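Structural overview
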Amino acid sequence: TSILNLSKIDNQDFEKSVFFKNFSNTMRQQHRYSLNHNFSFKEFFSKNIFLKLINETFELQNHKIDIDYYSLIADKLEILNKQGLIKMFCVFDHNDEPINICIFSLVKDFSTFMFSARSKRVDNKNYSGIFLLINTFQYLKLLNVVNVDLEGINSPKRGFYKLGLGGNIKNYFNISLNS
């Protein structure tokens, strides 16, 4: 996995922070491009938006979603949100339509990436994803989160993107016992 240290967001001007300077050139450029869009960012929990965007994400990937399974997950996430153990973050486009979400856990000063989803109207050149993550990291820092676990850098389709955010790589081990 990759662990990001939010204490490296050490400057009010995000682009002057050590955190930003640790980004890959691609991520820094995507951030700059994202500022040219009329995006807005909000922290709140919505089962409906979660289910809508997770369904659209599955459609984008040509996979069939088990909506009953994800409805059950949404119910559990709602409980966790009410207990203050997760936060959902959302980016809206210029029409105030939700186009990108992510959900992170909150356990003391540690947070873990759990879910993300995007609208079918969003392509890879829209830059709402980097806008979402940077605003999420800044928000989590305000909540006194020190470290964020990005999870899943071994995923061929997501690992390169997450590594571009400049974290520290940490091994996870899976132990199984044969009885």
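Relevant structure appears above.
Residues numbered from 1 in each chain as written. Predicted model: local features only at pLDDT ≥ 70, side-chain atom pairs only at ≥ 80, totals over all residues. Heavy atoms only, no water.

End to end, helix 5 (residues 128–142) covers 21 Å across 15 residues, agreeing with the expected 21 Å (1.5 Å per residue, within 8%). What helix 5 keeps buried is the set Ser-128, Ile-130, Phe-131, Leu-132, Leu-133, Ile-134, Asn-135, Thr-136, Phe-137 and Leu-140. At the exit of helix 5 stands Asn-144, carrying a positive phi of roughly 70 degrees. (Helix = DSSP H or I, 4+ residues; strand = E, 2+ residues; numbered from the N terminus. Expected span 1.5 Å × (residues − 1). Buried < 20%, exposed > 50% of the residue type's maximum accessible area, 1.4 Å probe, protein only.)

Tallied over the entire structure, the rule returns eight salt bridges. Between Asp-13 and Lys-16 there is a salt bridge, with the nearest N and O atoms lying 3.9 Å from each other. Look at Asp-13 and you get partly exposed, because its relative accessible area is 35%. Lys-47 is the partner of Asp-75 in a salt bridge, and the nearest nitrogen-oxygen pair spans 2.9 Å. Of this pair, Asp-75 sits in helix 4 (residues 67–82) while Lys-47 sits in helix 3 (residues 47–60); the two residues are 28 residues apart in sequence, bridging distant segments of the chain. The class of Asp-75 is partly exposed, set by a relative accessible area of 35%. Residue Lys-47 is classed as partly exposed on the basis of its relative accessible area of 26%. When salt bridges that share partners are traced, they join Lys-47, Asp-75 and Glu-78 into one network. (Salt bridge = Lys/Arg side-chain N within 4 Å of Asp/Glu carboxyl O.)

It is worth spelling out helix 4 at this point. Here helix 4 contains 16 residues, and its C-alpha end-to-end distance of 22 Å stays within 8% of the 22 Å for a straight helix at 1.5 Å per residue. Every buried residue of helix 4 is accounted for by Tyr-70, Ile-73, Ala-74 and Leu-77. Angularly, the buried residues of helix 4 cover 105 degrees about the axis, an arc narrow enough to put them on a single face. Counted as exposed and oriented over 90 degrees from the buried face of helix 4: Asp-68 and Lys-82. Contacts made by the buried residues of helix 4 are with helix 3, strand 3 (86–92), strand 4 (98–105) and strand 5 (110–118). Two residues or fewer past helix 4, Gly-84 is found with a positive phi of approximately 75 degrees. (Arc of directions from axis to C-beta. Contact = heavy atoms within 4.5 Å.)

Note that every value here comes from positions in space, so none of it alone points to a role or purpose.
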